[in-house]
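Listed below, chain by chain, are the residues.
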Amino acid sequence: MKWEKIKELRKNKYTKPLVFFGFYIIFFTFVFVLAGSNDVVPDNKTEEDMWLGIANNYEYLYEVTSNENQMISLEGKKYSNKDTFIKKTNNIIDSEVYIFYDKVSIKQDDSWIESDNFVLIDDKFNNQYFDIKYIKDLIDESELVDSIVNFDGSKSDTYAIEELKIEVISEENKLKKIIITDPLYNITLQYRNINKVEDFVVEK
């Protein structure tokens, strides 16, 4: 009986158009639902991707100003566990530094001399502020208190945790600058050529 009913439906001149339009209605409903779900996801994913794409491979300029108005800058590059940079104090070159894991070498004349007592900023400063993973962990624990689009098109997200304020400035979903304010220091971290720095060797 069921087969005879199906045969009758197939002979009906209205059946084919109904099946045809029914198929397209289902198809386009599926497409619109899929497109709508894709529009919802990117905000969180975009923010996360900016950090996931950053390895220990970039050029940087770190500037730290203390309450005594002493400004120390470190300008250099990082590749994996290597750092090489020039340290300046109040715009006067202090030293040229090479760090491989935890071993620090200072350039003297044309030679690199290992140093066991090199101080990046001072004894009170938290050197982890220069670790991008540490900053990301701080942000994960912080509260987003402000988010604006700047005149130049960059985006500024400001986070707060205890006595810290962290402003993250990005452009086209690429990290450009981080400004950290704590009770003792104002810290500006600038980045460029993220994941584009080639491996380097320091001749000792």
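Calculation rules
Per chain, residue numbering runs from 1 following the sequence as it is written. In keeping with the model being predicted, local features are shown solely for residues with a pLDDT of at least 70 and side-chain atom pairs are shown and tallied solely at 80 or more, while totals for entire chains, interfaces and linings include all residues. Hydrogens and waters are ignored; side-chain quantities use all the structure's heavy atoms. Numbering of helices and strands starts at the N terminus; helices are DSSP runs of H or I of at least 4 residues and strands are runs of E of at least 2. Here, two residues are considered to be in contact whenever any of their heavy atoms come within 4.5 Å of each other. In this scheme, strands are said to pair when DSSP sees at least two bridges between them. Interaxial angle, 0 to 180 degrees, is taken between N-to-C directions of lines fitted to C-alpha atoms, where a helix line uses only the stretch in contact. Here, a salt bridge means any Lys or Arg side-chain nitrogen found within 4 Å of an Asp or Glu carboxyl oxygen. N or O atoms within 3.5 Å of each other form a polar contact, as long as, within protein, one can give a hydrogen and the other can take it, and as long as residues adjacent in sequence are counted only when both atoms are side-chain atoms. Exposed residues in this analysis have more than 50% of their type's maximum accessible area, buried residues have under 20%, and partly exposed residues fall in between, with area computed by a 1.4 Å probe over protein chains only.

**Q** Which parts of the structure should I look at to understand the side chain of Asn57?
**A** Following the sequence through the fold, Asn57 ends up in strand β1 (residues 57–66). With residues up to four places along the chain from it excluded, the contact list for Asn57 reads Lys78, Tyr79, Asn193, Ile194, Asn195, Lys196 and Val197.

**Q** How should the sheet that holds strand β7 (residues 143–149) be read in this particular structure?
**A** Within a beta sheet, neighbouring strands are joined by backbone hydrogen bonds and run either parallel or antiparallel to one another. The antiparallel open sheet is built from eleven strands, whose spatial order is β6-β5-β4-β3-β2-β1-β11-β10-β9-β8-β7. The outermost strands of the open sheet, each flanked by one partner alone, are β6 (111–115) and β7. The sheet shows a mean angle of 20° between the axes of neighbouring strands, taken without regard to direction. Pairing of strand β10 (residues 174–181) with strand β11 (residues 185–192), which is carried by five bridges, proceeds in the antiparallel orientation. Residue pairing for β11: Lys177 is matched across the bridge by Gln190. On top of the sheet, helix α4 (residues 132–141) reaches β1, β7, β8 (155–161), β9 (164–171), β10 and β11; it is set at about 110° to β9, its chief contact.

**Q** For this particular structure, what's the right way to read the pairing of β7?
**A** Side chains on a regular strand alternate between the two faces of the sheet. Summarising the sheet, β7 and β8 pair through six bridges and their orientation is antiparallel. When the bridges of β8 are listed, Ile148 appears paired with Ser156. Hairpin remark: β7 followed by β8, antiparallel, with five residues in the connecting loop; positive phi at Gly153, about 95°.

**Q** How should I be thinking about the pattern of salt bridges in this particular structure?
**A** Oppositely charged side chains can pair when the atoms bearing their charge come close. Considering all chains together, one arrives at six salt bridges under this definition. Residues Asp199 and Lys82 are paired through a salt bridge, measuring 2.9 Å at the closest nitrogen-oxygen approach. Note that Asp199 is positioned in the segment after β11 and Lys82 in strand β3 (residues 82–89), a separation of 117 residues in sequence. In this structure, Asp140 engages Lys136 in a salt bridge whose closest nitrogen and oxygen atoms are separated by 2.7 Å. Linking Asp140 with Lys136, this pair stays in helix α4, spanning four residues, or about one helical turn.

**Q** I tried to follow the side chain of Ser154 on my own but got confused; where do I start?
**A** Along the chain, the position of Ser154 falls in the loop between β7 and β8. There is a polar contact of 2.6 Å between the side chain of Ser154 and the side chain of Asp152. Sequence-distant contacts of Ser154, that is, excluding residues within four places in its chain, are made with Ile148, Val149, Ile169, Ser170 and Glu171.

**Q** Even after reading the chapter, I still don't get the pairing of β11, so can you show me in this structure?
**A** Because side chains alternate across β11, one face comprises the buried residues Tyr185, Ile187, Leu189 and Tyr191, and the other comprises Asn186, Thr188, Gln190 and Arg192, none of which is buried. The pairing of β1 with β11 spans eight bridges and is classified as antiparallel. Each residue of the ladder has a partner; that of Glu63, found in β11, is Thr188. Taking the residues that link successive antiparallel strands as the turn, the β10-β11 hairpin has three residues.

**Q** Explain the environment of Tyr60 here, please?
**A** In this fold, Tyr60 is placed in strand β1. Judged by relative accessible area, Tyr60 falls into the buried class, the value being 5%. Put simply, Tyr60 and Tyr191 are 131 residues apart on the chain and 4.6 Å apart in space, counted from C-alpha to C-alpha. Side chain to side chain, Tyr60 and Asp83 meet in a polar contact 2.8 Å long.

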